[in-house]
Amino acid sequence: MAQEKFKKALKEICDVIKFEMWLRFYFATSEGNDGSIVLKIPDEVLSHIQKEYELLYKLASELNGKKLSPDVSQRAVLDFILKNYEGERFSHDVIPSVLNSKAFEVEISIFHLWVSAHEDQLDEKVYDFRDWMQFFEAWKRTEKGQNVITKLHSLGAKSSKNLQ
């Protein structure tokens, strides 16, 4: 039972991080002379997110209009996870165990590698977040995806930079 809770928490927490990356990929724009990056989600996209991804809408609306930096994104994601998952959906010990796990590190590393490798395809149009998840899961089942997963598990996720 504990393993099932861990897997569920791993998936949901990884989805939050992937969703935030999806937002930045499509809706982060340079603004002003200082080169700052601002997240600008069009109203129709926000409406779609609210309808299709009710819980994740809170994160999208929180970040919308904000100047982004790695710290701002990280803090927003962590705060969102703690507010919406800790205690409510998962016990207080599950989230730290997920965030500190090799499985989490590998999944997020694989996702970043996948986005980098498929940037041109993903940039052809604004794909829905659900499409991204389907594309990613399909890629993970390919021979190349399986090879990357195996390498990351055997080398340790910190070595993922060597695979790029």
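Residues numbered from 1 in each chain as written. Predicted model: local features only at pLDDT ≥ 70, side-chain atom pairs only at ≥ 80, totals over all residues. Heavy atoms only, no water.

1. Some remarks on the environment of Ile-49
Now for step 1: With respect to the helices, strands and loops of the structure, Ile-49 is situated in helix α2 (residues 43–52).
Now for step 2: Taking the relative accessible area as the measure of exposure, Ile-49 reaches 0% and is therefore buried.
Now for step 3: Along the backbone, Ile-49 and Ala-60 are 11 residues apart, and their C-alpha atoms lie at a distance of 8.0 Å. (Helix = DSSP H or I, 4+ residues; strand = E, 2+ residues; numbered from the N terminus. Buried < 20%, exposed > 50% of the residue type's maximum accessible area, 1.4 Å probe, protein only.)

2. Here we look at the layout of surface pockets
A probe as big as a water molecule, rolled over the atoms, marks out the empty space that is left.
Now for step 1: Approximately 420 Å³ is the volume attributed to the largest pocket.
Now for step 2: As for the largest pocket, its lining consists of 17 residues, and the residues nearest its centre are Ile-17, Pro-70, Ser-73, Gln-74 and Val-77.
Now for step 3: Secondary-structure elements contributing two or more residues to the lining of the largest pocket are α1 (2–27), α4 (70–84) and α6 (102–117).
Now for step 4: Residue contributions to the lining of the largest pocket peak at seven residues, all from α4.
Now for step 5: The class makeup of the residues in the lining of the largest pocket is 10 nonpolar, four polar and three charged. (1 Å grid on protein atoms, 1.4 Å probe; cavity = no way out; pocket = protein on both sides within 12 Å on 5 of 7 lines; lining within 4 Å. Points joined across faces, edges and corners; volume = space filled by probe spheres on them. Nonpolar A, V, L, I, M, F, W, Y, C, P; charged D, E, K, R; others polar.)

3. A look at the sheet that holds strand β3 (residues 67–68)
Now for step 1: A sheet is described by the order of its strands in space; here three strands give the open sequence β1-β2-β3, paired in antiparallel fashion. At either margin of the open sheet sits one strand with a lone partner, and together these are β1 (28–31) and β3.
Now for step 2: Note that strand β2 (residues 36–39) and β3 share two bridges and pair antiparallel. Across the sheet, Ile-37 pairs through a bridge with Leu-68, a residue of β3.
Now for step 3: Taken strand by strand, α1 contacts β1, β2 and β3, and its axis lies near 45° from that of β1. (Pairing = 2+ DSSP bridges. Contact = heavy atoms within 4.5 Å. Axes fitted to C-alpha atoms, helices over the stretch in contact; angles between N-to-C directions.)

4. Describing the pattern of salt bridges
Now for step 1: Under the counting rule described, the total for this entry stands at 12 salt bridges.
Now for step 2: In this structure, Asp-15 engages Lys-11 in a salt bridge whose closest nitrogen and oxygen atoms are separated by 2.4 Å. Residue Asp-15 and its partner Lys-11 are located together in helix α1, separated by four residues, close to a single helical turn.
Now for step 3: Taking the shortest distance from any N to any O, the salt bridge between Glu-52 and Arg-130 comes out at 3.2 Å. You can see Glu-52 sitting in helix α2 and its partner Arg-130 sitting in helix α8 (residues 129–140), a full 78 residues away along the chain.
Now for step 4: Under the relative-accessibility criterion, Glu-52 is labelled partly exposed at 34%.
Now for step 5: Residues joined by salt bridges that share partners form a network here, namely Lys-18, Glu-107, Glu-137 and Lys-140. (Salt bridge = Lys/Arg side-chain N within 4 Å of Asp/Glu carboxyl O.)

5. What to know about the packing of aromatic side chains
Now for step 1: For the structure on display, the rule yields 20 aromatic pairs.
Now for step 2: Both rings, one in Trp-22 and one in Phe-27, keep their centres 5.7 Å apart while their planes meet at 80°; by these two values the pair is edge-to-face. Each member of the pair, Trp-22 as well as Phe-27, is classed as buried.
Now for step 3: A network of ring pairs unites the aromatic residues Phe-19, Trp-22, Phe-25, Tyr-26, Phe-27, Tyr-53, Phe-111, Trp-114, Phe-129, Trp-132, Phe-136 and Trp-139 as a single cluster. (Phe/Tyr/Trp six-rings, centres within 6.5 Å; stacked < 30°, edge-to-face > 60°.)

6. Observations regarding the environment of Ile-13
Now for step 1: By the secondary structure assignment, Ile-13 is in helix α1.
Now for step 2: In sequence terms Ile-13 and Val-98 are 85 residues apart; their C-alpha atoms lie 8.1 Å from each other.

7. Considerations on the nonpolar core
Now for step 1: Core analysis: the largest hydrophobic core is formed by 51 residues, its most contacted members being Phe-19, Trp-22, Leu-23, Ile-41, Ile-49 and Trp-132.
Now for step 2: Contributing elements (two or more residues each) for this core: α1, α2, α3 (54–63), α4, α5 (94–99), α6, α8 and α9 (143–155).
Now for step 3: Top contributing element to this core by residue count: α1, with 13 residues. (Core = buried A, V, L, I, M, F, W, Y, C linked by side-chain atoms within 4.5 Å.)

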